[in-house]
Amino acid sequence: MRFISPKIDYAFKKIFGSEQSQDILISFLNAIIYKGEKVIQSLTIVNPYNPGQVMTLKDTYLDVKAVLADGSIVVIEMQVARMTAFSKRVIYNLAKGYANQLIKGDYYPLLNPAIAVTITDFDLFENTEETISRFIFQEKTKKFAYPDEELQLIFVELPKFKKTLSELEDLTDKWIYFLKEATSLESIPASLGEVSEIELALNLASQANMTVEEFEIVDRRGMMLQDEKGKITYAQQEGRQEGRQEGRQEGRFQEAIALILRQLKKRFGEIPGEISSKIEDLSIENLETLGEDFLDFNRIEDLENWLLDRLIP
């Protein structure tokens, strides 16, 4: 008995976004959002899995969107490879889902909370070893929450989950293990099978229960995602090589900036941060020119005007 990887977005959609997946999704969301408490009792999957559509629509179709009984919106996404501005995209999708609840003329009280649950197959936050991170609006200094907990961001970083099958303690552990290790299983383990929703999820993920077309799509999507990860790894390796070559030039550039700033400080006193930032944005050619021209400046305003002339597009 072999299982497809839930980390492939198409497979994730099939497992969590099919018409028969409501109980699976309820159990999963209770595990991730509410730490296993049975808070969610019912939901509606807004954009259910349809194998005939997948290859003709944009990748956003492969997200799973649900509306809870209280009207709250949940957007669930699996992301295997890093991408530019990924964290911004997550916020954008959440904000768009929240705002799209209203049409022109509707009143703000009609808005319901929105939650983004994002699973990544890469480390996203360097300053924590926790697998699950939760974000809400709160006051920056005193840390108290915003009066309306309307928007939540929840991230599950799969590489940070290190537990083995025998170490699983609760529903949350079991769902994360399923996401990370399903392809390594040869049968349904007793500890996972005792959760009926996970057993059903594994049956949906079973290769034996897939059509030839579905299996081919999963295979192609999996190869495409591996290619994307490979491109990123290659770019990182190339970047490190180029970085070693360019490091010496960058070092000299930073030394030139530091020298100019020291000279300007001796002539005019403390240099405002805004002006320092503009100097740091200069090209090496303009830095060399500034090193000669600043001797003719009588006031800090002369420096500001000089910078203005060179930074205007």
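**Things to note about the overall build of the protein chain**
Okay, so step 1: Check the secondary structure of the protein chain and you find 10 helices and six strands.
Okay, so step 2: Buried residues in the protein chain amount to 40% of all 313 residues.
Okay, so step 3: In the protein chain, of all internal contacts separated by at least 6 residues, the share reaching a separation of at least 24 is 64%.
Okay, so step 4: Approximately 18,500 Å² of the protein chain is accessible, and the part contributed by carbon and sulfur atoms is 51%.

**Quick notes on the environment of Leu 202**
Okay, so step 1: Looking at the element boundaries, Leu 202 is found in helix H6 (residues 196-205).
Okay, so step 2: It is 7.7 Å that separates the C-alpha atoms of Leu 202 and Ala 182, two residues lying 20 residues apart in sequence.

**A few points about the packing of aromatic side chains**
Okay, so step 1: Scanning the entire structure with this criterion turns up 12 aromatic pairs.
Okay, so step 2: Ring geometry for Phe 28 and Trp 175: centres 5.7 Å apart, planes at 80°, overall edge-to-face. With Phe 28 in helix H2 (residues 22-33) and Trp 175 in helix H4 (residues 171-181), this pair connects stretches of sequence that are 147 residues apart. Each member of the pair, Phe 28 as well as Trp 175, is classed as buried.

**Quick word on the pattern of salt bridges**
Okay, so step 1: Summed over all chains, the structure comprises nine salt bridges.
Okay, so step 2: When the shortest N-O distance is used, the salt bridge between Glu 194 and Lys 174 registers 2.5 Å. Taken together, the positions of Glu 194 in the loop between helix H5 (190-193) and H6 and Lys 174 in helix H4 put the pair 20 residues apart, joining distant regions of the chain.
Okay, so step 3: Among the residues examined, Lys 174 registers a relative accessible area of 10% and is labelled buried.
Okay, so step 4: Here Asp 302 and Arg 299 are joined by a salt bridge, their closest N and O atoms 3.8 Å apart.
Okay, so step 5: When salt bridges that share partners are traced, they join Lys 163, Glu 169 and Asp 173 into one network.

**Some thoughts on helix H1 (residues 9-17)**
Okay, so step 1: H1 sits mainly inside the fold: nine of its nine residues count as buried.
Okay, so step 2: All of the buried residues along H1 are Asp 9, Tyr 10, Ala 11, Phe 12, Lys 13, Lys 14, Ile 15, Phe 16 and Gly 17.

**A look at the side chain of Asn 47**
Okay, so step 1: Structurally, Asn 47 can be placed in the loop between strand E1 (43-45) and strand E2 (64-68).
Okay, so step 2: Here Asp 63 takes part through its backbone oxygen, which lies 3.0 Å from a polar atom of the side chain of Asn 47.

**Digging into the environment of Ala 182**
Okay, so step 1: Inspection of the secondary structure puts Ala 182 in the loop between H4 and H5.
Okay, so step 2: Remark: the alpha-carbon pair of Ala 182 and Ile 4, spanning 178 residues in sequence, is separated by 7.2 Å.
Okay, so step 3: Excluding anything up to four places from it in sequence, Ala 182 contacts Phe 3, Ile 4, Pro 6 and Tyr 177.

**Some points on the packing of H4 against H6**
For any two helices packed against each other, one specifies the inter-axial angle together with the distance between the axes.
Okay, so step 1: Between H4 and H6, the shortest axis-to-axis distance is 11 Å and the interhelical angle comes to 5°. One finds that H4 runs roughly parallel with respect to H6. Contacts between H4 and H6 pair Lys 174, Trp 175 and Phe 178 from the former with Glu 197, Ile 198, Ala 201 and Leu 202 from the latter.
Okay, so step 2: Partitioned by chemical class, the residues of the contact of H4 with H6 number five nonpolar, no polar and two charged.

**Quick notes on the sheet that holds E2**
Strand-to-strand pairing in sheets goes through backbone hydrogen bonds, with the strands running parallel or antiparallel.
Okay, so step 1: Spatial strand order, E1-E2-E3-E4-E6-E5: six strands in an open sheet with mixed pairing. Every other strand in the sheet has two partners, leaving E1 and strand E5 (132-135) as the edge strands with one partner each. Across the sheet, the mean angle from the axis of one strand to that of its neighbour is 20°, orientation sign disregarded.
Okay, so step 2: Where helix H3 (residues 86-99) meets the sheet, it contacts strand E3 (73-79), strand E4 (114-120) and strand E6 (151-157), and its direction lies at approximately 150° from that of E4.

**A short note on the nonpolar core**
Okay, so step 1: The biggest cluster of nonpolar side chains holds 50 residues, and the ones touching the most others in it are Phe 16, Leu 25, Phe 28, Leu 29, Ile 76, Val 117 and Ile 119.
Okay, so step 2: Among the elements that take part in this core, H2 stands out by supplying eight residues, more than any other.
Okay, so step 3: Residues within four places of Leu 29 in sequence aside, it is in contact with Tyr 34, Ile 40, Leu 43, Val 74, Ile 76 and Val 117.
Okay, so step 4: Counting 16 residues, the second-largest nonpolar core is a separate cluster that includes Leu 287, Phe 297, Trp 306 and Leu 307.

**What to know about the confidence of the model for the protein chain**
Okay, so step 1: Here the protein chain averages 84 in pLDDT, while 82% of its residues score no lower than 70.
Okay, so step 2: Across residues 54-58 the pLDDT falls below 50, and counting only partners more than four positions away or on other chains, this stretch makes five contacts in the model.

Conventions adopted
- Residues numbered from 1 in each chain as written.
- Predicted model: local features only at pLDDT ≥ 70, side-chain atom pairs only at ≥ 80, totals over all residues.
- Heavy atoms only, no water.
- Helix = DSSP H or I, 4+ residues; strand = E, 2+ residues; numbered from the N terminus.
- Buried < 20%, exposed > 50% of the residue type's maximum accessible area, 1.4 Å probe, protein only.
- Contact = heavy atoms within 4.5 Å.
- Areas by Shrake-Rupley, 256 points an atom, 1.4 Å probe, with all protein chains shown as cover.
- Phe/Tyr/Trp six-rings, centres within 6.5 Å; stacked < 30°, edge-to-face > 60°.
- Salt bridge = Lys/Arg side-chain N within 4 Å of Asp/Glu carboxyl O.
- Polar contact = N/O pair within 3.5 Å; in protein donor to acceptor, adjacent residues only side chain to side chain.
- Axes fitted to C-alpha atoms, helices over the stretch in contact; angles between N-to-C directions.
- Parallel < 35°, antiparallel > 145°, perpendicular 65-115°, else oblique.
- Nonpolar A, V, L, I, M, F, W, Y, C, P; charged D, E, K, R; others polar.
- Pairing = 2+ DSSP bridges.
- Core = buried A, V, L, I, M, F, W, Y, C linked by side-chain atoms within 4.5 Å.
- pLDDT = per-residue confidence, 0-100.

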